[in-house]
Amino acid sequence: MFSILILGQLPSVNLKDMEGNSHNFAKLNNNGKPMIISFWATWCKPCKAELNTIAEEYEDWVDETGVKLIAVSIDDARSSSRVEPYVNAQGWEYLVLMDPNSDLRRAMGVNNVPHTFLVNGEGKIVWDHNNYSPGDEEELYEKLTGL
Amino acid sequence: MKKIVFFLFTGISIYSFSQDDVNPTIVSGNIQTIGQYYQEDTLINAALPDQLLGFNGFANVNVQRGNFRAGVRYETYLNTLEGYPTSFNGTGFGYRYLSWSDEDLELTIGNFYDQLGSGMILRAYEERQLGIDNALDGIRLKYNPYKGIFIKGMIGKQRHRFEDGLVNGNGIVRAIDGEININEMFDSLRNSKFKATIGGSFVSKFNEDNNTPLFNLPKNVGASSFRANLRYNKWRFNAEYVYKINDPYPDNQNELFNYIYKNGEGLLFNLGYSKKGFAIDLSAKHMDNMLWRSTNVSVGPTDLLIGFLPALTKQHTYNLAATLYPYATNPRGEISYQADLLYKIPKKTFFGGKYGTSIALNFATSYTPKREFINDLGSSRQSYSTRLFSMSDSILYQDFNIEIKRKINKKWKFNVNYFNFIFEDRAVLVAQHHELIHAQIAVLDLTYKINRKHSLRWEFQGLWTKTTNELITTTEGESVYRKEDQGDWAFAQLEYTFSPHWYVAILDQYNYGNSEPSKRIHYGLISAGFINGSHRFSLQYGKQRAGVFCVGGVCRAVPASNGLTFSFTSSF
């Protein structure tokens, strides 16, 4: 048994993706490239607006910066079955993780959704924002390209 | 100090450099406060507590270093906000834990939250907006003995009230759960298109709270569950079965459910197919007699619940659709079906427009199970029998809704919704008139992007209830046919956002179609907020209508109020 190495500031919480594969959140990395972590839910309109807006430009962001977006759904047992249909129907290319009992949400100190974090290539949270208004994605993009 | 990147491969970790970097101490947390200054408003029957001010505050601090993690939550209810459970009072620590984990084992002592399967026989969770917190206080062990095999066990008491600190209930909850992911277990199946996870749990409770001299209540009660998640390509199928042995609860409204010794059971299915731009999803639920608390005495509706009974309906967010006739799970039992269809009309087509158009259709319905009452309350007290998915003709709820969303150009976006509800308030008792209510709602939501940072958003909503054939005389002496419940509503909101820091919004709700002219009231509200990173301040002033606030099929009635609300949230 080897101890868990904390890459940066991400807490060690086990989450499943939509296919049921488990991921230790602390060990997520993007080979030294930045990651965006966005907490959302199927019942949260601003969350969906944010992720749909980013989706329109996501390919360009990936080409330019190598970023990977991880969308953490806090939908509970009532609505978690709505996550996969929604994500696929919208055609999101993100890694979607399920946090049905808010374990990661608590560990990351998220009060309410949307809450978006920008993590640099060393696993350090360099920016976060607890809201979404049209135009907020521009600030995220500026921070991302400024890394 | 230079940052280090660690690599993990074949179980060997390569690391060096200073101790600080190997085991950094990470402190994280958040704070949330809501205060409301109440004003008298007899027109809307607004709550006016003696202390005039309600204030709820929460602060979490977590510390992680190496394999250890610890945290506390400090809570303040001085005094509790109106509408929040009155069993939350004072100021103090409501949650504390210490945990240790390595690659495949995690031990937690103190408070913890957990969920087994979909939570029907155990879900310890916090829904702060509703005042629900049934955290367990005890010990939990999670172990991953082999790849793809997950085991956990836990024992504890449940959080019940808050009186200058955490107050647990008397009952003890004990649970074990196992899950196998066959694709992680067998390397040969790792990349298979067929994926399967199976699991099972057993939960038992012990409690001696017995305040009835008439019946001999079981002190130990067990419940079990089995679940399977299967996938093939773009298909997905989930099933879960739960069973609970006799667990009598008082029911002073209906003798047929009062201290009955019938076993409870539930079955939940979900079948879905989804691909890019298209998804279809079907769910079915049979649930009977699955109320499951760690006490058998009468407590508040959301107190000491061990299990969570998920609702098969969409959670709505537009005000009139979300807060007047929201669905809540019927704990005695219900048979429910839900179907969802999502389609994105491709972009650059005639119907799809330049950016594509999203359409979502949802239909949900719930009925009371068909119960054959057997008249044995003098002997075995089974009271009735049911068969799986055999439903009666008494409807509890029906919801048909459609949403169309489209971005017209760089400036304009719209979202149109239509809802059709049938709501049996004789079962839920949250409306002003306890009757079968038929309501239709239409919503238009428009966003205009002025430039990169400035946007305007308008929301228009209307709600219309059915006219009854009951002739009434209004206070103005007019004879009219009464509309169901409070009649018709109109809602309008204008919101201006200045990204990334500011927003201001003004809204009005008007009960223009109330059959009683004196109750045709406007509820106006103005709000503004400032956001900077994870700090968020907001102020709100005006009238709030009495309504029902729901999360996950669990609802809380919120009284009408008038006054100034201040809130602050932040995380670090």
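Note: the structure precedes this text.
Everything quoted here is computed from the prediction, not taken from an experiment.

Draft legend 1. A look at the sheet that holds strand S4 (residues 68–73) of chain A. Residues and elements named next belong to chain A. Spatially, 7 strands are ordered S2-S1-S5-S4-S3-S6-S7 in an open sheet, and the strand pairing comes out mixed. The open sheet is flanked by strand S2 (22–24) and strand S7 (125–129), the only strands paired with a single partner. Recorded for the sheet is a direction-independent mean angle of 30° between the axes of neighbouring strands. Helix H4 (residues 136–145) rests against strand S3 (35–40), strand S6 (115–119) and S7 of the sheet, and its axis sits at about 175° to S7.

Draft legend 2. Here's a closer look at the state of the cysteines. All names here are of chain A. Tallied over the entire structure, the rule returns 1 disulfide over all chains. Each sulfur in the disulfide pair Cys44 and Cys47 lies 2.0 Å from the other. Between Cys44 and Cys47 the disulfide shows an S-S torsion of about 80°. By sign, it is right-handed. Considered together, Cys44 and Cys47 belong to a single accessibility category, that of buried residues.

Draft legend 3. How the structure looks around the environment of Leu28 of chain A. Considering the arrangement of structural elements, one finds Leu28 of chain A in the loop between S2 and S3. C-alpha separation for the pair Leu28 of chain A and Glu59 of chain A, spaced 31 residues apart in sequence, amounts to 20 Å.

Draft legend 4. Seen up close, a positive patch on the surface. All names here are of chain B. Residues Lys347, Lys348, Lys354 and Lys410 make up a contiguous surface patch of positive charge. Along the polypeptide, Lys410 turns up in the loop between strand S24 (391–407) and strand S25 (412–424). Here Lys410 falls in the exposed class, since its relative accessible area comes to 69%.

Draft legend 5. How the structure looks around the interface of chain A and chain B. Across the boundary between the two partners, chain A contributes 60 residues, which contact 83 residues of chain B. Summing the contributions of chain A and of chain B, the shared interface buries around 6300 Å²; its carbon and sulfur component is 45%. Along the contact surface separating chain A from chain B lie 12 salt bridges. With its nearest N and O atoms 2.4 Å apart, the salt bridge here joins Asp340 of chain B to Arg82 of chain A. Across the contact surface, chain A and chain B share 38 residue pairs in polar contact (both at pLDDT 80 or more). Its residues assigned to classes, the side of chain A that touches chain B shows 17 nonpolar, 23 polar and 20 charged.

Quick notes on the rules
The residue count restarts for each chain, going from 1 along the sequence in the order it is written. For naming, the first written chain is A and the first written ligand is 1, with later ones following in the order written. Local features in this predicted model are restricted to residues of pLDDT 70 or higher, and side-chain atom pairs are both shown and tallied only at a pLDDT of 80 or more, whereas totals for entire chains, interfaces and linings draw on every residue. Hydrogens are left out, water is left out, and the side-chain values use all remaining heavy atoms of the structure. Whether two strands pair depends on DSSP finding at least two bridges between them. For the purposes of this entry, the term helix denotes a DSSP run of H or I that reaches at least four residues, the term strand denotes a run of E that reaches at least two, and both are numbered from the N terminus. In this analysis an axis means a line fitted to C-alpha atoms, helices contributing only their contacting stretch, and an angle means the value between N-to-C directions, from 0 to 180 degrees. Note on definitions: a residue-residue contact is assigned when non-hydrogen atoms from the two residues lie within 4.5 Å. When the sulfur atoms of two cysteines come within 2.5 Å, that pair is taken as a disulfide. To sort residues, take the accessible area from a 1.4 Å probe on protein chains only and compare it with the maximum for the residue type: under 20% means buried, over 50% means exposed, and anything in between is partly exposed. Distance thresholds for patches are 9 Å for like charges and 5 Å for nonpolar side chains (Val, Leu, Ile, Met, Phe, Trp, Tyr), applied to residues having over 30% relative accessible area and no salt bridge. Note on areas: these come from Shrake-Rupley sampling with a 1.4 Å probe, and a residue is covered only by the protein chains present in the view. What counts as a salt bridge is simple: a side-chain nitrogen of Lys or Arg found within 4 Å of a carboxyl oxygen of Asp or Glu. When charges are counted, Lys and Arg are positive and Asp and Glu negative, with His and the chain ends excluded. Here the site of a charge means atom NZ of a Lys, CZ of an Arg, CG of an Asp or CD of a Glu. Buried area is calculated as the accessible area (1.4 Å probe) missing from two parts once they are joined, with the contributions of both summed. Here a polar contact means two N or O atoms within 3.5 Å. Within protein one must be a hydrogen donor candidate and the other an acceptor candidate, and residues neighboring in sequence count only if both atoms are side-chain atoms. Three classes are used, and their members are as follows: Ala, Val, Leu, Ile, Met, Phe, Trp, Tyr, Cys and Pro are nonpolar, Asp, Glu, Lys and Arg are charged, and the others, Gly among them, are polar.

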